[in-house]
Amino acid sequence: MALALVVVGPIKGQAQEAPTEAQVAEGLSFEIPAIWSVESLTIQATQNVGSIVDPDIRMRIRATARLQQATFGFVSQIDDVTVLAPVLPEGHVVELFGFASARLYRGEWEYSFDFQGSPFEGSGAPRSSFSGRTVLRDSHEHRAVIAEAEARQRSAREAQQAAIDRDSARLRHLLGRGEFRGESSQGGSVWPFEVVDVVLDANDRFTGQLTWLTLSSVQRINGIITNGMMIFENVEDIQRGDAVLNCVYRLALDGRETALGGFSDCAQGLVQVAFYPEEVIAERRARRAAGIVILRDALAAGAAVQARYDEPDRWGCARLPCGKRTVSEFTITFETFDPNDNLFSGESLWSSGSRYAIEGRIDGETIAFRETDIRENPSNRAPEFQSYHGRIGAESVTGIVCRDAVIDAPCRDPYATDTRFSFAFP
């Protein structure tokens, strides 16, 4: 009995020395993609690099695999529809060349395979593996999906264009009122402004006059309405102050009579605009027109007005807005007025006793005059003649003072334009 047991042992061990081709084929079937089946397998060479007790079988194999269902590849995505193209038909066969390793574990062979090349690369995937709706390229369904997508895109473009057209038309109407107000901001700094004398042409281009209310600057702007937006740039100084030129402002409507956007090129920040209601603009224009009539009557009558000279405290504050300012009062007396050329002359009298001859003109809603001579000079100081540039309002004139006697050009000294003047109508 002892001899019999010794003999049977080696015989059983030898039966496990190498797996059969059928066993290797079964192991291979678990290693290849599930849509492929092993058609055939041949072991071309075998070597046990382990031992009889712990076999490690290395084999060179050649096999064929057959595709169980057709495969497809991704072409494109049209909205929520995936377009596919056929890759391989059902029944397609590929040859596999490579190596297999087998080791025993708990009485069963465990396999690993190393193929030469990538036999399954680019073989696609079953149609069922693609989520959502799928169509085949160049099929009737594909053409219908394209037509539906184009119709949706066309509708979206038309809706977008309609919105642009509505905004453009609204901006034409608002700019046609001739004036608006707004403010630019950057960080904690805010600069309010007002735009008047807006003229819009048939090509949606417009011009206007922009006044910076705290920067002593008056500038000409050029703009355009395009793609439902208003874009303008301050291109030229009418009255030079602290505001820089060539800032580009881009605004889109964010309400019925308000617009929001940003400015760039000169710096970068935010800008918002509010358009005056038509009744407010009509009232403002009527009051300014009445103010012009009152001022012309005062010029013709040789009236005298009390004026205010408002300048920064040079030791405490240099620019507007500023709480530390020096205010002086002086009297302007009009002496002559030519209503045809809108030219006038007169005199300014200061509390120091100094008297200056002045000459100037009215141009629409603006007034400008300059000192031309000194008639009385109690201090005997050499005079420094100045010019005054203002805007005519409903009840008064407000403006800036320039340290030169030029009224046909912007101030040559931008650092002096924080000095302001004003006078009420008599």
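**Here's the deal with the overall build of the chain**
Line of reasoning, step 1. Helix and strand counts for the chain stand at four helices and 23 strands.
Line of reasoning, step 2. For 426 residues, the compact-globule estimate of 2.2 N^0.38 gives 22 Å, and the C-alpha radius of gyration of the chain, at 46 Å, exceeds that figure by more than 25%.
Line of reasoning, step 3. Over its C-alpha atoms, taken along the principal directions, the chain stretches across nearly 150 × 55 × 30 Å.
Line of reasoning, step 4. Restricting the contact set of the chain to residue pairs at least 6 apart, pairs at least 24 apart contribute 48%.
Line of reasoning, step 5. For the chain, the exposed surface amounts to about 23,500 Å²; the carbon and sulfur share of it is 50%.

**What about the packing of aromatic side chains?**
Line of reasoning, step 1. Throughout the structure, instances matching the rule amount to 20 aromatic pairs.
Line of reasoning, step 2. Measuring from ring centre to ring centre gives 4.8 Å for F369 and Y388, while their planes differ by 10°; the resulting arrangement is stacked. Taken as a pair, F369 in strand β20 (residues 366-376) and Y388 in strand β21 (residues 387-392) lie far apart in primary sequence, 19 residues in all.
Line of reasoning, step 3. Aromatic ring contacts, followed pair by pair, group Y309, F330, F334, F344, W350, F369, Y388, F421 and F423 into a single cluster.

**As for the pairing of strand β19 (residues 355-363)**
Line of reasoning, step 1. Where strand β18 (residues 343-350) meets β19, seven bridges bridge the pair, whose relative direction is antiparallel. When the bridges of β19 are listed, S345 appears paired with E359.
Line of reasoning, step 2. Counted between consecutive antiparallel strands, the loop separating β18 from β19 contains four residues, among which G353 sits at a positive phi close to 100°.
Line of reasoning, step 3. Inspection of the sheet shows β19 paired to β20 by nine bridges, in the antiparallel sense. Bridge assignment links D363 to a residue of β20, and that residue is T366.
Line of reasoning, step 4. What sits between β19 and β20 in their antiparallel hairpin is a turn of two residues, with G364 showing a positive phi close to 65°.

**Some words on the state of the cysteines**
Line of reasoning, step 1. Applying the stated criterion across every chain, the model contains one disulfide.
Line of reasoning, step 2. Linked covalently through their sulfurs, C247 and C266 form a disulfide whose S-S length is 1.9 Å. Since a negative S-S torsion denotes a left-handed disulfide, the C247-C266 link at about 115° is right-handed. Linking C247 in the loop between β12 (229-239) and β13 (248-253) with C266 in the loop between β14 (258-264) and β15 (269-275), this pair joins segments that are 19 residues apart in sequence.
Line of reasoning, step 3. By relative accessible area, C247 is classed as buried at 3%.

**Here's the deal with the sheet that holds strand β4 (residues 81-88)**
The strands making up a sheet associate through backbone hydrogen bonding, with each pair oriented either parallel or antiparallel.
Line of reasoning, step 1. In spatial order, the strands read β3-β4-β7; together these three strands make up an open sheet with mixed pairing. Edge positions in the open sheet fall to β3 (71-78) and β7 (133-136), since each of these has one partner strand only. The sheet shows a mean angle of 40° between the axes of neighbouring strands, direction not considered.
Line of reasoning, step 2. Pairing of β4 with β7, which is carried by four bridges, proceeds in the parallel orientation. Within β7, the position partnered with V83 by the bridge is V135.
Line of reasoning, step 3. On the sheet, helix α3 (residues 140-175) packs against β3, β4 and β7 and is oriented at approximately 115° with respect to β7.

**Notes on the environment of G255**
Line of reasoning, step 1. Mapped onto the elements of the fold, G255 is located in the loop between β13 and β14.
Line of reasoning, step 2. Taking the C-alpha atoms as reference points, G255 and A274, separated by 19 residues in sequence, lie 9.3 Å from one another.

**Some points on the pattern of salt bridges**
For side chains bearing opposite charge, pairing can occur when the charged atoms are close.
Line of reasoning, step 1. Under the counting rule described, the total for this entry stands at 23 salt bridges.
Line of reasoning, step 2. Here R375 and E347 are joined by a salt bridge, their closest N and O atoms 2.9 Å apart. With R375 in strand β20 and E347 in strand β18, this residue pair connects regions lying 28 residues apart in the sequence.
Line of reasoning, step 3. Given a relative accessible area of 39%, R375 falls into the partly exposed group.

**Brief notes about the sheet that holds strand β6 (residues 108-115)**
Line of reasoning, step 1. Strand order in this open sheet of four strands is β1-β2-β5-β6, and the pairing throughout is antiparallel. The open sheet has two edge strands, β1 (36-48) and β6, and neither has a second partner. Geometrically, the sheet is characterised by an average inter-axis angle of 30° between neighbouring strands, direction not taken into account.
Line of reasoning, step 2. Where β1 and strand β2 (residues 56-67) come together, 11 bridges link them in antiparallel fashion. Note that in β2 the partner of N48 across the bridge is I57.

**Observations concerning the confidence of the model for the chain**
Line of reasoning, step 1. Scored by pLDDT, the chain comes out at a mean of 89, with 92% of its residues at no less than 70.
Line of reasoning, step 2. The model gives residues 1-15 a pLDDT under 50, and that stretch makes zero contacts with residues more than four places away or in other chains.

**Considering helix α2 (residues 21-29)**
Line of reasoning, step 1. Where α2 is concerned, the buried positions are V24, A25, G27 and L28. Angularly, the buried residues of α2 cover 160° about the axis, an arc narrow enough to put them on a single face. For α2, the exposed residues set more than 90 degrees away from the buried face come down to A22 and E26.
Line of reasoning, step 2. On its buried face, α2 is in contact with β1, β2, β5 (93-105) and β6.

**Quick word on the environment of A307**
Line of reasoning, step 1. Positionally, A307 belongs in strand β16 (residues 304-312).
Line of reasoning, step 2. When near neighbours in sequence (up to four residues on either side) are disregarded, A307 contacts S328, E329, F330, I332, S422 and F423.

**Quick notes on the side chain of R391**
Line of reasoning, step 1. Relative to the elements of secondary structure, R391 occurs in strand β21.
Line of reasoning, step 2. Here the side chain of R391 touches E365 through a polar contact of 2.6 Å, side chain to side chain.
Line of reasoning, step 3. Each residue touching R391, except ones within four places of it in the same chain, is listed here: V196, D197, Q209, R288, E365, T366, S396, V397 and T398.

**Section: the layout of surface pockets**
Line of reasoning, step 1. Considering only enclosed or pocket space, the largest pocket measures out at about 1,000 Å³ in volume.
Line of reasoning, step 2. In terms of lining, the largest pocket is formed by 40 residues, of which the most central are Q209, T366, G390, R391 and T398.
Line of reasoning, step 3. Tallying contributions element by element places strand β22 (residues 396-402) first for the lining of the largest pocket, with five residues.
Line of reasoning, step 4. Of the residues that constitute the lining of the largest pocket, the class distribution is 14 nonpolar, 13 polar and 13 charged.
Line of reasoning, step 5. Taken as a whole, the second largest pocket holds about 720 Å³ of empty space.
Line of reasoning, step 6. Listing elements by their share of the lining of the second largest pocket, those giving two or more residues are β16 and β20.
Line of reasoning, step 7. Among the residues forming the lining of the second largest pocket, the class breakdown is 10 nonpolar, eight polar and seven charged.

Scoring rules and cut-offs
- Starting afresh in each chain, residues are numbered from 1 along the sequence in its written order.
- Restriction of local features to residues with pLDDT of at least 70 applies here, the model being predicted, together with a cutoff of 80 or more for giving and counting side-chain atom pairs; totals for whole chains, interfaces and linings are based on all residues.
- Water and hydrogen atoms were dropped before computing side-chain values, which therefore reflect all heavy atoms in the structure.
- Each helix corresponds to a stretch of at least 4 residues labelled H or I by DSSP, and each strand to a stretch of at least 2 residues labelled E; elements are numbered beginning at the N terminus.
- Put simply, the radius of gyration uses C-alpha atoms, and a globule should come to 2.2 Å times the residue count raised to 0.38.
- Whether two residues are in contact is decided by their heavy atoms: any pair within 4.5 Å suffices.
- Using a 1.4 Å probe, accessible areas were evaluated by the Shrake-Rupley method; residue-level cover was limited to the displayed protein chains.
- Here a pair means two rings of Phe, Tyr or Trp (six-membered ring of Trp) with centres within 6.5 Å. Their orientation is stacked below 30 degrees between planes, edge-to-face above 60, and tilted elsewhere.
- Pairs of strands are assigned from DSSP output, requiring at least two bridges between the strands.
- A pair of cysteine sulfur atoms is labelled a disulfide when the two atoms are within 2.5 Å.
- We call a residue buried when its accessible area falls under 20% of the maximum for its residue type, exposed when it is over 50%, and partly exposed in between, using a 1.4 Å probe and counting protein chains only.
- All axes are obtained by fitting lines to C-alpha atoms, using only the stretch in contact for helices, and the reported angles, taken between N-to-C directions, cover 0 to 180 degrees.
- The term salt bridge refers to a pairing of a side-chain nitrogen on Lys or Arg with a carboxyl oxygen on Asp or Glu at a separation within 4 Å.
- The quantity called pLDDT is the predictor's confidence in a given residue, expressed from 0 to 100.
- Think of the arc as the fan of directions from the helix axis to the C-beta atoms.
- Pairs of N or O atoms are called polar contacts if they sit within 3.5 Å, as long as, within protein, a hydrogen donor faces a hydrogen acceptor (for residues adjacent in sequence, only side-chain-to-side-chain pairs).
- Grid points spaced at 1 Å over the protein atoms alone were grouped into cavities, where a 1.4 Å probe fits but cannot get out, and pockets, open sets with protein on both sides within 12 Å along at least five of seven lines, with lining residues defined by an atom within 4 Å of a point.
- Grid points are joined across faces, edges and corners, and a volume is the space filled by probe spheres set on the points.
- In the scheme used here, Gly and all other residues not listed as nonpolar or charged are polar, with Ala, Val, Leu, Ile, Met, Phe, Trp, Tyr, Cys and Pro taken as nonpolar and Asp, Glu, Lys and Arg as charged.

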